[in-house]
Amino acid sequence: MKILIISPYYPPYASVAVVRMASLSRFLIDKGCEVTVLRNNFDDLDQNLKTTSIPKGVKIKSVNIKKRSRYITGFIEGFKSYRKNIRELFCKNKYDVVIISAGPFFTLPLCKIIKKEYGVKCIIDFRDLWIAEEIYKGINIKTLISKILFYPIERSAIKYADAVVLVTKGWRNIMMKFYPKYRDKMELIYNGYDDELLNDINIIQDDIQQLLGVFGKMSYYSKEYAKILFSAVKKLKNKYKDLKIVQVGLYENETDAIIEGINFDPKDFNCTGFCDYVEGIQKMSTVSICILIDVRKSGLGTKIYDYIYLNKPIIYIGKKGTDLASFVESFEYGFICETEEEIIQTIDFILSNKIKFLSNKNIKGKYVRSVQNTKYYNLIKKLTDNIIFYGD
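These numbers were taken from a predicted model, which means no experiment stands behind them.

Reading the values: rules and limits
- Sequence order as written defines residue numbering, which begins from 1 separately in each chain.
- Only residues with pLDDT of at least 70 get local features here, since the model is predicted, and only at 80 or more are side-chain atom pairs given and counted; chain-wide, interface and lining totals rely on the full set of residues.
- Heavy atoms from the whole structure form the basis of all side-chain values; hydrogens and water molecules are not counted.
- A helix here means a DSSP run of H or I that spans at least four residues, while a strand means a run of E at least two residues long, and both kinds are numbered starting from the N terminus.
- Working definition: with a 1.4 Å probe on protein chains only, accessible area under 20% of the residue-type maximum means buried, over 50% means exposed, and in between means partly exposed.
- Pairs of residues are marked as contacts when any of their non-hydrogen atoms sit within 4.5 Å.
- Scored between 0 and 100, pLDDT is the confidence that the predictor attaches to each residue.
- Paired rings are identified among Phe, Tyr and Trp, the last through its six-membered ring, by centres lying within 6.5 Å, and are further divided according to the angle between planes into stacked (under 30 degrees), edge-to-face (over 60) and tilted (the rest).
- A ring is considered to have a charge above it if a Lys NZ or an Arg CZ atom is located within 6 Å of its centre and within 35 degrees of its normal.
- Each reported salt bridge corresponds to a side-chain nitrogen of Lys or Arg within 4 Å of a carboxyl oxygen of Asp or Glu.
- Polar contact is the term for a pair of N or O atoms within 3.5 Å; when the atoms are in protein, one must be able to donate a hydrogen and the other to accept it, and sequence-neighboring residues count only if both atoms are side-chain atoms.
- Axes, fitted as lines to C-alpha atoms, cover a helix only where it is in contact. Angles between the N-to-C directions of the axes lie from 0 to 180 degrees.
- An angle below 35 degrees is treated as roughly parallel, one above 145 as roughly antiparallel, one from 65 to 115 as roughly perpendicular, and anything else as oblique.
- Put simply, a crossing is left-handed when the front helix is turned counterclockwise from the back one by less than a right angle, and right-handed when it is turned clockwise.
- Any two strands with at least two DSSP-identified bridges between them are counted as paired.

Asker: It is not clear to me how the environment of Leu292 should be interpreted in this structure. Could you clarify?
Answerer: Tracing the sequence through the fold places Leu292 in strand 11 (residues 289–293). The class for Leu292 is buried, based on a relative accessible area of 10%. Here the alpha-carbon distance between Leu292 and Pro55, two residues 237 residues apart in the chain, equals 29 Å. Residues in contact with Leu292, not counting those within four places in the same chain, are Lys303, Ile304, Tyr307, Ile314, Ile315, Tyr316, Ile317, Leu324 and Val328.

Structural data, given as structure tokens:
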């Protein structure tokens, strides 16, 4: 079977945005599929952001994309560049299935072209929501106008898609309400931790340091909640002298401002910079508590699955009642904190009682990417049933 994946973010670009399609493409190769990926050209990328390896056996075609300050200009130019490359690929190759990763969302109009011009089965994979997204940082007129302008583009893409994949139940429910006519196309395939890459990781559960670990973004989703975490740790230092925060991910200027603003001791915060997935998990294995800061109503993100793999206590800092809050709370030692006082009490409870696990049950099995990739493979097989594969 010949599969084309359109994923602007893909290795070697070092970002969480590449993980889902990188894992899926590697899985499909192992299943005997021929996989081509159309992605952004990363030749001129800073070497610090170019550490993720391309899965063996994947054919790559790169697209030159210029960074634009205006979203609409970037959208139009990105779409035109990818459209040109799509047509070049289809002139020389035949594909059984095309998977479109979104975002970025300039890839969505390609679905109509692929269906109308080439008649190929097409799956849209929403790594993030677009039009239907909750504007968790506050809505404004500019954002509202942009959403109205782009709504017909998303609706058209979903109309022509054979399947639309969402990564959380909440997102699937939102999209079903937004597009009730196409609700039967909506499929749920979760993210997960990459079990294939983590086979040889040694998780440290004993003699761990008094470390609060954040894997990925620290202040991005909410400066307010990041600030109360730092403030809580500052107060806890009276009791726990060695207590520190480590961020395994890219440094954020917002965090710098928080540290300065509350006079937090910089020696009690360490940011590693970007690490590849396996190295990042290994560094996170040394922490005593995993921290999630988020305010999205229906997003789960990807790091929650990595935290489940680590099987350490999780503290979610953000609004109560969100999908992520409810998910974290479903585990034996998953905690929800919305105030500084709650954070102080929870960290004290975990450390004073020497709680080392998220759960004493075997919780990892259903949260692995191989299970989710198998669901993806089965979806592809269902869509291509009775088709003579070009790759066979």
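From this point on, the discussion continues.
Asker: Any chance you could explain the confidence of the model for the protein chain here in plain terms?
Answerer: Predicted coordinates in regions of low pLDDT should not be interpreted in detail. Counting all residues, the mean pLDDT for the protein chain is 89, and 91% of those residues have values of 70 or more. By mean pLDDT, helix 4 (residues 141–160) is the weakest element of the protein chain at 86, and strand 6 (residues 163–166) is the strongest at 98.

Asker: Looking at this structure, how should I read the packing of aromatic side chains?
Answerer: The relation between two aromatic rings is expressed through the spacing of the ring centres and the mutual angle of the planes. For the coordinates displayed, the defined rule picks out 26 aromatic pairs. Through pairs of rings, three or more aromatic residues link up here, namely Tyr71, Phe75, Phe105, Trp130 and Phe150. When the ring centre of Tyr220 is taken as reference, the NZ or CZ atom of Lys217 above it lies at 5.1 Å. When the ring centre of Phe215 is taken as origin, the NZ or CZ atom of Lys303, which lies over that ring, is 3.9 Å away.

Asker: Mind showing me how you'd approach the pattern of salt bridges here?
Answerer: Side chains that differ in sign of charge can pair as their charged atoms come close. Enumeration according to the criterion identifies 19 salt bridges in this entry. Lys239 is the salt-bridge partner of Asp348, the closest N and O atoms lying 2.8 Å from each other. Of this pair, Asp348 sits in helix 11 (residues 340–352) while Lys239 is found in the loop between helix 6 (223–236) and strand 9 (244–248), placing the two residues 109 residues apart along the sequence. A relative accessible area of 53% places Lys239 in the exposed class.

Asker: What should I look at first to understand the side chain of Thr384 in this one?
Answerer: With respect to the helices and strands, Thr384 occurs in the segment after helix 12 (369–383). In this structure the side chain of Thr384 is engaged in a polar contact, spanning 2.7 Å, whose partner is the backbone oxygen of Ile380.

Asker: Could you clarify how one ought to interpret the packing of helix 2 (residues 71–92) against helix 3 (residues 110–118) in this entry?
Answerer: At a minimum axis separation of 11 Å, helix 2 and helix 3 run at an interaxial angle of 30 degrees. The orientation of helix 2 with respect to helix 3, classified from their angle, is roughly parallel. Considering how the two elements wind past one another, helix 2 and helix 3 form a crossing that is right-handed. Together, Phe79, Tyr82, Arg83, Ile86, Arg87 and Phe90 of helix 2 and Leu110, Ile113, Ile114, Glu117 and Tyr118 of helix 3 make up the contact between the two elements.

Asker: Would you mind showing me how to read the environment of Lys303 here?
Answerer: The residue Lys303 is located in helix 9 (residues 303–310) in this model. Separated by 87 residues in sequence, Lys303 and Gly216 have C-alpha atoms that sit 7.5 Å apart. Beyond its immediate chain neighbours, meaning those up to four positions away, Lys303 contacts Val16, Phe215, Gly216 and Leu292.

Asker: Please explain the sheet that holds strand 1 (residues 2–6) as it appears in this structure.
Answerer: In a beta sheet, neighbouring strands pair by backbone hydrogen bonds and run either parallel or antiparallel. With parallel pairing, seven strands are arranged side by side in an open sheet as 3-2-1-4-5-6-7. In this open sheet, the two edge strands, each paired with only one partner strand, are strand 3 (59–63) and strand 7 (186–188). Across the sheet, the mean angle separating the axes of adjacent strands is 20 degrees when strand polarity is ignored. In the sheet, strand 5 (residues 121–126) pairs with strand 6 via four bridges, with the strands oriented parallel. Paired with Ile124 across the bridge in strand 6 is Val164. Its contacts with the sheet put helix 5 (residues 169–178) on strand 5, strand 6 and strand 7, and the angle it makes with strand 7 is roughly 175 degrees.

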